[in-house]
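# Structure assessment
Below, each chain spelled out in residue letters.
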Amino acid sequence: MKLTRRDFLIKGTALLATLGFGGPMIFAEGEQPISNTAEIDPGVESPVLVVIQMSGGNDGINTLIPYGMGGYFDSRPTLNITQSEVLAINNEVGLHPSLMRLNELYKGGKLAIIQGVGYPKPDHSHFRSMEIWQTAMPDKYIRSGWLGRYIESSLSKDRNYLRALQVGNNANKAFNSDRINVPVIQSIESYNLFDPKTPKADQNRLAKAFLDMYDPERQGTQVKVTCQRGTDAYQSVEAIHSLTNGYQNKVEYPKTNIAKDLQLVSKLLAGNSGTRVFYVELGGFDDHIQEKEQHAKLLKQLDEAIGSFYADLETQGLHERVVTMAFSEFGRRVKENGNGGTDHGTAAPVLIFGGKVKGGLYGVMPSLTNLDNGDLKYEVDFRSVYYTLVDSWLKGDANTVMNGAYEKLGFI
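Each residue is numbered by its place in its chain's sequence as written, counting from 1. Reporting in this predicted model follows two pLDDT cut-offs: at least 70 for local features of residues, and 80 or more for side-chain atom pairs to be given and counted; totals over whole chains, interfaces and linings ignore these cut-offs and use all residues. The side-chain figures draw on all heavy atoms in the structure; neither hydrogens nor water molecules are used.

An unreviewed UniProt entry lists the protein under the name DUF1501 domain-containing protein, with Paenibacillus radicis given as the organism.

If you want it as structure tokens, here you go:
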């Protein structure tokens with residue numbers, strides 16, 4: 001198999017894209033990749049953060065239901081959840097009946113519900129609002145993501161190629177960075193550099209050519225050092241496929257994509273992947289029409305997956321090392337529309353659970369009658385949630401990650 005440099009770069013770029021390593025393949029002359037020589041302190045505790053992105057704008061008002069507040073039933077004559085159905089937390093709010101397992105976590109003191117989370121001057125665009133949540137910069141356009149900044153500032157000595165992973169199909173801006181690379185993985189079996197049908201001898205030759213391209217001693221003046229993304233891609237594949245032991249499947253997961261993704265998180269942690277941040281996604285929350293049935297179905301998918309995931313973590317003895325946050329880019333408007341749905345809104349609850357979480361209600365449920373042009377007024381800045389997670393849980397440099405200090409909320 002003859003492989004020219006041009007062929008390799010073209011094929012290599014496509015290869016890295018399929019593995020979730022975007023960006024340029026080549027450094028300019030004189031630039032150097034991140035060093036691989038830094039050592040990891042084995043004595044450092046390694047807390048894990050799992051982020052669940054609920055894409056589309058989850059209806060927070062029918063997730064944490066303000067059944068005891070004035071205006072709820074009047075604003076939602078067909079979408080309201082009756083008092084007898086609500087999983088009551090107190091005489092004012094309760095969880096959607098689809099969230100039975102989350103309700104059990106709440107009763108057990110392992111679920112924190114942050115009420116009314118949003119940001120100033122909210123944007124109703126899916127793209128822009130999600131970008132704001134992923135970059136943590138509501139007032140400016142910026143390339144770097146909040147988790148990318150966390151890895152840069154707080155995990156710079158960690159050369160584990162699996163220190164952060166996106167699980168599923170899509171890369172997102174939360175991990176954006178000019179210095180670090182985060183793989184996107186769907187399954188251990190499918191995460192490969194080469195087509196499994198490629199003969200082993202050819203795979204070995206390709207692998208050698210791949211690594212040779214990253215040896216600065218072999219490069220001319222035009223291509224001094226190929227981008228660090230190449231070696232990261234190769235090493236991440238090697239690391240993933242070494243995780244074959246350690247996981248015992250003792251918990252039955254539902255047959256949904258979000259459950260499959262969360263089970264993969266548990267499998268990787270049980271295999272000692274050393275991953276500090278995972279990111280998964282559940283879409284479909286843009287309920288402009290016929291919301292009641294669809295929303296209940298999605299919340300049930302989320303709830304069943306979370307229930308299995310937490311039980312699995314307990315079985316593996318990992319539940320006290322993992323904190324999980326579930327968020328959406330915005331909530332929905334208070335009043336239902338004429339199509340049995342709701343339109344883009346603003347503030348919504350953020351759910352945080354884990355063995356070390358101090359469960360309970362945090363913040364204040366926004367008023368359903370004192371509105372901003374039909375939208376809820378946010379009570380908690382989402383950057384306070386992030387700040388708390390980075391500072392109190394991940395023990396990272398929260399001021400650098402968030403570009404300033406924010407209120408810590410006390411759920412850790």
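## Quick look at helix α8 (residues 257–270)
Strands here are runs of E lasting at least two residues and helices are runs of H or I lasting at least four, both read from the DSSP assignment and numbered beginning at the N terminus. Take the residue count of a helix, subtract one, and multiply by 1.5 Å to get its expected span. An ideal rise of 1.5 Å per residue puts 20 Å on 14 residues; α8 measures up with 20 Å between its terminal C-alpha atoms. Note on classification: 1.4 Å probe, protein chains only; a residue is buried when its accessible area is under 20% of the maximum for its type, exposed when over 50%, partly exposed between these limits. Of all 14 residues making up α8, 11 are buried, and the element is well covered by its neighbours.

## Let's talk about unusual backbone geometry
Positive phi, normally seen in glycine, also occurs at Asn272, with a value near 60°. Along the polypeptide, Asn272 turns up in the loop between α8 and β8 (277–282). A relative accessible area of 66% means that Asn272 is categorised as exposed. Positioned with a positive phi, Asn373 is a non-glycine residue whose angle comes to about 55°.

## A short note on the nonpolar core
We call a set of buried Ala, Val, Leu, Ile, Met, Phe, Trp, Tyr and Cys residues a nonpolar core when their side-chain atoms join them within 4.5 Å. Counting residues in hydrophobic clusters, the biggest one holds 57 residues, and the most contacted among them are Ile52, Phe278 and Phe309. Apart from residues lying up to four places away in sequence, Ile52 is in contact with Ile258, Leu262, Val280, Leu302, Ile306, Thr324, Met325, Ala326 and Phe327. Here, two residues are considered to be in contact whenever any of their heavy atoms come within 4.5 Å of each other.

## Re the pairing of strand β5 (residues 111–118)
Burial within β5 is extensive, with 8 of its 8 residues counted as buried. Pairs of strands are assigned from DSSP output, requiring at least two bridges between the strands. Note: β5 against strand β10 (residues 348–354), 5 bridges, orientation antiparallel. Its bridge partner being in β10, Ala112 is matched across the sheet by Ile352. The pairing of β5 with strand β12 (residues 380–381) spans 2 bridges and is parallel. In the sheet register, Gly118 faces β12, and the bridge partner there is Asp381.

## Overview of the pairing of strand β1 (residues 48–54)
Look at any regular strand and the pattern is simple: side chains alternate between the two faces of the sheet. With 7 of its 7 residues buried, β1 lies for the most part within the structure. Side chains of β1 alternate between two faces, with Val48, Val50, Ile52 and Met54 and Leu49, Val51 and Gln53 buried alike. The pairing of β1 with strand β9 (residues 322–327) spans 6 bridges and is parallel. Each residue of the ladder has a partner; that of Val50, found in β9, is Thr324. Relative to β8, β1 is paired through 6 bridges, and the arrangement is parallel. Counterpart to Ile52 in the pairing with β8 is Val280.

## Points about the packing of aromatic side chains
Stacked, tilted and edge-to-face are the three classes assigned to paired rings of Phe, Tyr and Trp, where Trp is represented by its six-membered ring and a pair needs centres within 6.5 Å; plane angles under 30 degrees give stacked, over 60 edge-to-face, the rest tilted. For the coordinates displayed, the defined rule picks out 11 aromatic pairs. Centroid distance Tyr310 to Phe353: 6.3 Å. Interplanar angle 70°. Geometry classified as edge-to-face. With Tyr310 in helix α9 (residues 291–316) and Phe353 in strand β10, this pair connects stretches of sequence that are 43 residues apart. Summarising the burial analysis for this pair, Tyr310 and Phe353 share the class buried. Through a chain of ring-to-ring contacts, the aromatic side chains of Tyr119, Trp133, Trp146, Phe327, Phe382 and Tyr386 assemble into a single cluster. Only when the NZ of Lys or the CZ of Arg is both within 6 Å of the ring centre and within 35 degrees of the ring normal is a charge said to sit over the ring. If you follow Arg128 out to its NZ or CZ, it ends over the ring of Tyr141, 3.9 Å from the centre.

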